[in-house]
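Coordinates in review
Chain by chain, the residues:
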Amino acid sequence: MDLPCFQWQDHVAQKWRALEPKLKEQFTSLLEIDDVFRCALRLMRQDDLDFLQQVSAAYSVQKDAELAAKCRERGNSSFKTKNYTAAALHYSKGICFAPSSSEQLSLCYANRSAALYHLQHYQECLDDIDRAVKNGYPSHLLHKLEDRRTLCFTHLSVHEKGREDDQKPASNDCKGSDTANSPSVGPLTVGICPQVVVDSTVEKGRHLVAANRIAAGEVILTDRPYSCVLIPGMEEVKGKVGRYSRDSEVLFGVEDRRCHRCLTETLSLVPCDGCSYSRYCSTGCQQEAWEEHHRWECALGAHLMAMGVMSQLALRVALKAGLKNFLLAREPISDEQKECFNNHSSDPSMSSYGGSYLNVYNLLHHLNHHSPALRFMCAVTAATLYLKLSKAGPPPVSWSHTPQGPNKEGEDADWNAELWMLGSAVLQHILQLRCNAQAIVVLQDTGATNSLVQSNREIRIATAVFPALSLLNHSCCPNTSLVFNTGGIIEPSGSALSADFSEGEAEWRHKAQGVTVTVRAAKLITPGQEILHCYGPHSSRMATQERRRLLQEQYYFLCQCEACSQHQQDVEEPRQQQPGAEGRDLGLLCIKCKGSLKKRSEDREAGFVCSLSSCSHCMSLSDVNNRLQEIRVNLEKAVELMETDRPGEALRLLKKTLCQSGVILAETHPLQGELADATARAYASMGDWNNAASHLERSTVAIASQFGKESVELGRQLFKLAQLHFNSGSRGPALSVIPKVRRLLCLHCGPHCHELQELKAMEDCLQG
C-alpha cells in the first residue's frame, strides 16, 4: 500500500474541503517545503491524531500470546500433513506474536526447529533449538530438543565431509571442470562503470552518458538502495503453501517470508522484540535496522502501516540521513563541489560531498506540479508523523542539536529545536518518492513444484530509493535492463564477461549480501548516448498517446524519447508504416475475415475496425472486452484445476478455450501466449511431451511480440522450453534452444545467474 489507507485519505480530503478559502489560497501560494510543512503543522488538531489512532487499530502490531498459540496450532496441523514449509511459516508468525521470554515463544521456536529439520535446514534448526532453550522451553521436554540437536550435528558432519570430498582434485569427470571455466566474479564494486560519466543540463537535470563504447550485456552500474520498505500483504505462491491439503491452504505475505531489512527470503525469521510485525533474517539485520530506523518506528508501527509505504520510506530516509547530512545537503553547492559531484563517475552514490544522501536530497520534488489537495494530504501526513514521533519518546540521536527552529508553546524542549526540520525532510521525501521511488521486483514461481513446465510471474516486494539508479532518465525504448538481487552477491561494474574466478572471492562475498540493482546495457551503446531505462510505459506494450499521458500525470514531463519522437514525426509526415512501428497489429482478429483489427481512432473508448479495406467489419469495444474476459475466466479456472491435480479437466477446458480464442486472437496476443503456456503445462503433467513442447513454442511467439526478440522475458520462456526438452529426454531440441537461452539470460541477468548454471548442467549431461 503505497498511499495512506482510504480512511486517512478521506479524512484529510474532508479537512481540505473544510478549510476557509483564505487559508486554502495561502497554502496553495507557498513555494518552499519548509513553509508548506509549517502551515500544515499549524492546521493540525487533536481530532486528526485521534482519528489516526482509531484507524490504526486495524493494523495492530502488539504482541499477543493468544494469537501466538493459534498460529502454533495452525503450524501443528500443517506439520501433521507433512507440509513443513507452511508449518514453519505458521510457527514464524507465532514467534512474532509471542511476548518476549514467554512459554509460547519457546514452544514456537521448538516446533519450528522440527519443521526446519524435516526441510533439511539443519543449521537453522540448531539456531531455533538454542532460542527455544534460551526462552524457557519446558524442562521435561528438553530431551526432544537434545535428540534433534544430535541428529542435526550428524547430518552437518556428513555434509561437511561430502563437501571436502567434492573439493579434492577430480579425475576426467566432466563435472569437475565447472569452476575453472566460470566467469570472473572480481572485487566488490558498487557504483558506475568507468565508461560512463555524469552529465547535467537544464532540460534533463543530472543524468548518465556513455563516454566510451559499452557492449550489450556489460554492467553499467550496481547500486544499493539508500533505504527500502517491504510491501505488506503481497501474495506469495498459492500452490507452494497449500498444495498438499486444501483445507489448510493459506496465502502468506511477503512480510512473512522476507527479512524486513535486506529482503532475503528465509523460513527462520528473527522477530522484533517490541512489535509483532517487523522480522529479520538474522540478529545482525535486526540490530542494524534497530539502530538505523526501527527504534523510532517500532512504537509507530500501526500508524506507519495506515500511512502507507511511501510515508514510511520517507521517514526512514530522513532518519538514516540525520541532521548533519540534511543541513549539508541544504547548503548551496560551490562550483568546485558541483564539478566533483557531477564527475564522480566511478561511484556518485559515495561522493564525499554529502554521501549518497546528496543524490537523494537533490531529486526533484515537483512541489508546484502536485495538485493543492495532494500537496495538502502529503503535508498533513508528514505533520501527523512529526507529532506522533514527538510523543513516542526522546528525539532520534541523529537529529539532535539543531539550530533554533520554531518554538511552539507546550512543545517538549528536547524536540522543539529538532523535529520541525525532520518533519520538513519527511515531507520533501514523500513528494520526491511519488516520482522517484523504484519498485523492487522478483520472479515468483506460481506453478506446482513437481511440474515439468514451471510458471512464474514478477511480483513487487518492496519500494526503494536508489542514489545512482535515480540518475537514469526514462525512455519508452530503453537501452538498459534492470535485475534486482535480494540477499545475494553483487557483481562488479564494468565488463561482465571476462577473466577467471578470483581466489579471494569468499571474503568479499560475505560483505556483499543485501538488496542491489544491476543495470546492464541491453544493446550496444555508443559514446555520447544517454543511459536510459523505462519507468513503466514501454513502446512494445502501450500506444504512444497512452504512454505520454501516464508519464505526464505521474512524472510531469512530456516524453520525447526515440519512440515517442518517431511517432510524432509519423503523425506530422505520414508515411508507410514499417513492421513493429506504432500502429502495428494489436493481436486482435476480425471475426469475419481473420484480418487484423485496428482502433477506429485515438479515443480510448472507440471500437475496432478490420484493417482490410475489402472487409472493414467493425467491432465494439464492449464486444471485444467481453470475449477477452470470457477467455481470461476460463484460463483462471484451468490453472486452478491444475493446481488441484486435475490436469485432464484443465486440458479439456483449455482446448475449448483455444478454439474460442482462435476466433478473435492472433498468435501474437499476450492472452494467446498465456493460454499456450498453460496448455503446455497441462500436457507435460500428463506426459505428452510433444504437445507440451509445441504449445510452449507457440507461447514464445506472443512473448517475442509483446516484449521483443532480445528481451529477458523471451529468454525466461525459452529457458522453460529447454527444461521441458531436457526433462522429456529430447536431446536435439534441448541442445538447439540452450544457446539462445544462454545468450539472452547472460545479456540481461549476467553470467552468474542460477539459470545459466542449470543450463550448463543440462548441456553437460546431454553431451556426456
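Report on the accompanying structure. Every value quoted in this text rests on a predicted model; they were computed, and no experiment measured them.

Relative to the helices and strands, Phe-608 is located in strand 15 (residues 608-610). Separated by 19 residues in the primary sequence, Phe-608 and Leu-589 place their C-alpha atoms 10.0 Å from one another. For Phe-608, the residues in contact, after removing those within four places along its chain, are Leu-586, Leu-588, Leu-597, Lys-598, Lys-599, Arg-600, His-617, Cys-618, Met-619, Leu-621 and Val-624.

What follows deals with the nonpolar core. Formed by 68 residues in total, the largest nonpolar core has its most connected members in Phe-37, Tyr-357, Phe-376, Trp-399, Leu-422, Val-426 and Leu-427. For this core, the secondary-structure elements that each account for two or more residues are helix 1 (6-18), helix 3 (33-42), helix 4 (46-56), helix 13 (301-307), helix 14 (309-330), helix 16 (356-361), helix 17 (372-392) and helix 18 (419-436). If you look at the next biggest cluster of nonpolar residues, it comprises 52 residues, including Leu-635, Leu-671, Leu-696 and Ala-734.

For the rest of this paragraph, the subject is helix 22 (residues 621-643). Taking 1.5 Å of rise per residue, the 23 residues of helix 22 would be expected to cover 33 Å, and the 33 Å separating its terminal C-alpha atoms lies within 8% of that figure. For helix 22, the set of buried residues is Val-624, Leu-628, Ile-631, Asn-634, Leu-635, Ala-638, Leu-641 and Met-642. Where helix 22 is buried, its residues meet strand 15, strand 16 (618-619), helix 23 (647-664) and helix 24 (670-685). One or two steps after helix 22, the chain reaches Asp-645, where phi turns positive at roughly 60°.

Below, the discussion takes up the state of the cysteines. Overall, the coordinates contain zero disulfides when judged by the stated rule. In this model Cys-262 remains outside any disulfide bridge; the closest cysteine sulfur is found in Cys-281, 3.6 Å from its own.

Let's shift gears to unusual backbone geometry. Non-glycine residue Lys-82 carries a positive phi angle of around 65°. Mapped onto the secondary structure, Lys-82 falls in the loop between helix 5 (65-80) and helix 6 (84-97). Relative accessible area serves as the criterion here: at 59%, Lys-82 is assigned to the exposed category.

If you walk through the whole model with that rule in mind, you get 27 salt bridges. Arg-330 is the salt-bridge partner of Asp-34, the closest N and O atoms lying 2.7 Å from each other. Linking Asp-34 in helix 3 with Arg-330 in helix 14, this pair joins segments that are 296 residues apart in sequence. Relative accessible area serves as the criterion here: at 14%, Asp-34 is assigned to the buried category. Relative accessible area serves as the criterion here: at 32%, Arg-330 is assigned to the partly exposed category. A salt bridge links Asp-677 to Lys-720; its shortest N-O distance comes to 2.6 Å. Taken together, the residues Asp-677 in helix 24 and Lys-720 in helix 26 (residues 712-727) connect sequence positions 43 residues apart.

What counts and how
- One numbering rule holds for all chains: residues counted from 1, following each sequence as written.
- Only residues with pLDDT of 70 or above have their local features reported here, since the model is predicted, and side-chain atom pairs are shown and tallied only from 80 upward, although totals for entire chains, interfaces and linings are computed over all residues.
- Here the side-chain values reflect all heavy atoms present in the structure, with hydrogen atoms and water set aside.
- Every helix listed is a DSSP run of H or I at least four residues long, and every strand listed is a run of E at least two residues long, numbered separately from the N terminus.
- Residue contacts follow a heavy-atom distance rule, with two residues in contact if any of their heavy atoms lie within 4.5 Å.
- By nonpolar core we mean a set of buried residues, namely Ala, Val, Leu, Ile, Met, Phe, Trp, Tyr and Cys, connected to one another through side-chain atoms within 4.5 Å.
- Think of it in three bands: with a 1.4 Å probe and only protein chains considered, a residue is buried below 20% of the maximum accessible area for its type, exposed above 50%, and partly exposed in between.
- A helix is expected to span 1.5 Å for every residue after the first.
- Here, the term disulfide refers to a pair of cysteine sulfur atoms separated by no more than 2.5 Å.
- For this document, the term salt bridge refers to a Lys or Arg side-chain nitrogen within 4 Å of an Asp or Glu carboxyl oxygen.

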